[in-house]
Amino acid sequence: MECESPNRHLYDFVGNLRLDGHSTMPLGPDQILLRGAQLRNTQWIHGVVVYTGHDTKLMQNSTRPPLKLSNVERITNFQILVLFGCLLAISLVCSIGQTIWKYQYGNDAWYMDLNSPATAHTHPKKRDLMTRAYWKTSKPGGARKVAGSGYLCLTDQTLVVLQPQTGASADASPTAVILEFMTMMATCHTAVPERIDGNISYQAASPDEGALVRAAQTLGFVFSGRTPDTVIVQMPGREEKYELLHVLEFTSTRKRMSVIVRTPSGKIRLYCKGADTVIYDRLADSSRYKEITLKHLEQFATEGLRTLCFSVADVSESSYQQWLEIHHRACTSLQNRSLKLEESYELIEKVLQSVLWSFFTQQDKQLTS
């Protein structure tokens, strides 16, 4: 096994595993377990120790975290320092003035008759009577507790299916298009099913992804199991197993994720979901529905809706084998692996056909499916 030198990046790992009689297998973040990790959905694993001692990622990452302050906190801290400086200056001036006053008039001459036109001091006995009268008539100010304000930012979302937008070919029946769409919802994701008391719950990377899988479950397309090479979907009246060939991971740069599967009929199919802009740019130029789809997306944008689009493409066996060679070189590269992988993803995600389904999410509502 060969891998990168020790570093402190917890979520990055680049390596290769070479087995006698087998091709090189790429290793990434999904294949490395950090100290304290727990096994789920499996009883045992085979493992190889990669880093030890101070070379482990946790040890190299165990530094004091940097202090992160928002602009509001910086401004507030500055204002507190200014107020503290003003209070200190006022206290200092008053202390000096009180010392000068005592030096000139003695300890008994601490009261100033504010009713007098001048600020001359009064007789000590008169001062004493006035002082007692003053404290009797004066009402002490009520103590006021000042508490810091906290801001809890909630970004709940609700998943709203406003209008399915399909660009399927004219020969495709509405039923076939709907079945294709439901299959995409049940297979194009990275969720993991867990059975609890006979019920299936899903552990998803994001609330949106979990809502999509639960929506497919509600409509009768239940994602029931996953292995490293298979996705199992319970459909109305039958169970289908899709061979999972590749998962093209989602990143903030790509703004999309894809899966390449082999259907039970033997066809290779690519399912892709992502932001409307990136999906629309990758539709085939021969699509007859690009113009109307663009109008619908612009309409949804004017209503303040965020659109998630699905698309599908059939990949020939020869095209897949050619792409597989490029992808294998990219995923086994120890230098600039992420960049090379994204370049290989671009090669196969540009053949998307004109099946485009749109979902819409609106902020400040509870997430539902």
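Residues numbered from 1 in each chain as written. Predicted model: local features only at pLDDT ≥ 70, side-chain atom pairs only at ≥ 80, totals over all residues. Heavy atoms only, no water.

Per an unreviewed UniProt entry, the chain goes by Putative phospholipid-transporting ATPase IA and derives from Liparis tanakae.

Let us look at the pairing of strand E9 (residues 238-248). In this structure, strand E8 (residues 230-235) lies alongside E9, joined through 6 bridges in antiparallel fashion. If you follow Gln 234 over to E9, its bridge partner there is Glu 239. From the end of E8 to the start of E9, which pair antiparallel, there are 2 residues, and Gly 237 there has a positive phi angle of about 90°. Where E9 and strand E10 (residues 256-262) come together, 5 bridges link them in antiparallel fashion. The residue of E10 that forms the bridge with His 246 is Ile 260. (Pairing = 2+ DSSP bridges. Helix = DSSP H or I, 4+ residues; strand = E, 2+ residues; numbered from the N terminus.)

Another point: the environment of Ala 284. Note on placement: Ala 284 falls in the loop between helix H6 (276-281) and helix H7 (290-302). For the pair Ala 284 and Ala 313, spaced 29 residues apart in sequence, the C-alpha separation works out to 9.6 Å.

Right, let's talk about the sheet that holds strand E1 (residues 2-3) for a bit. As summarised here, the arrangement of the 3 strands in space is E1-E2-E3, forming an open sheet in which the pairing is antiparallel. Every other strand in the sheet has two partners, leaving E1 and strand E3 (25-27) as the edge strands with one partner each. Examined bridge by bridge, strand E2 (residues 15-17) and E3 share 3 bridges and lie antiparallel to one another. Residue pairing for E3: Asn 16 is matched across the bridge by Pro 26.

Scanning all chains against the criterion turns up 14 salt bridges. Across the pair Arg 306 and Asp 208 runs a salt bridge, and its minimum N-O distance is 3.3 Å. Taken together, the residues Arg 306 in strand E12 (residues 306-315) and Asp 208 in helix H5 (residues 207-218) connect sequence positions 98 residues apart. Given a relative accessible area of 42%, Arg 306 falls into the partly exposed group. On the basis of relative accessible area, Asp 208 is assigned to the buried category, the value being 18%. Here the salt bridges do not stand alone but share partners, grouping Arg 254, Arg 256, Arg 282, Glu 346 and Glu 349 into one network. (Salt bridge = Lys/Arg side-chain N within 4 Å of Asp/Glu carboxyl O. Buried < 20%, exposed > 50% of the residue type's maximum accessible area, 1.4 Å probe, protein only.)

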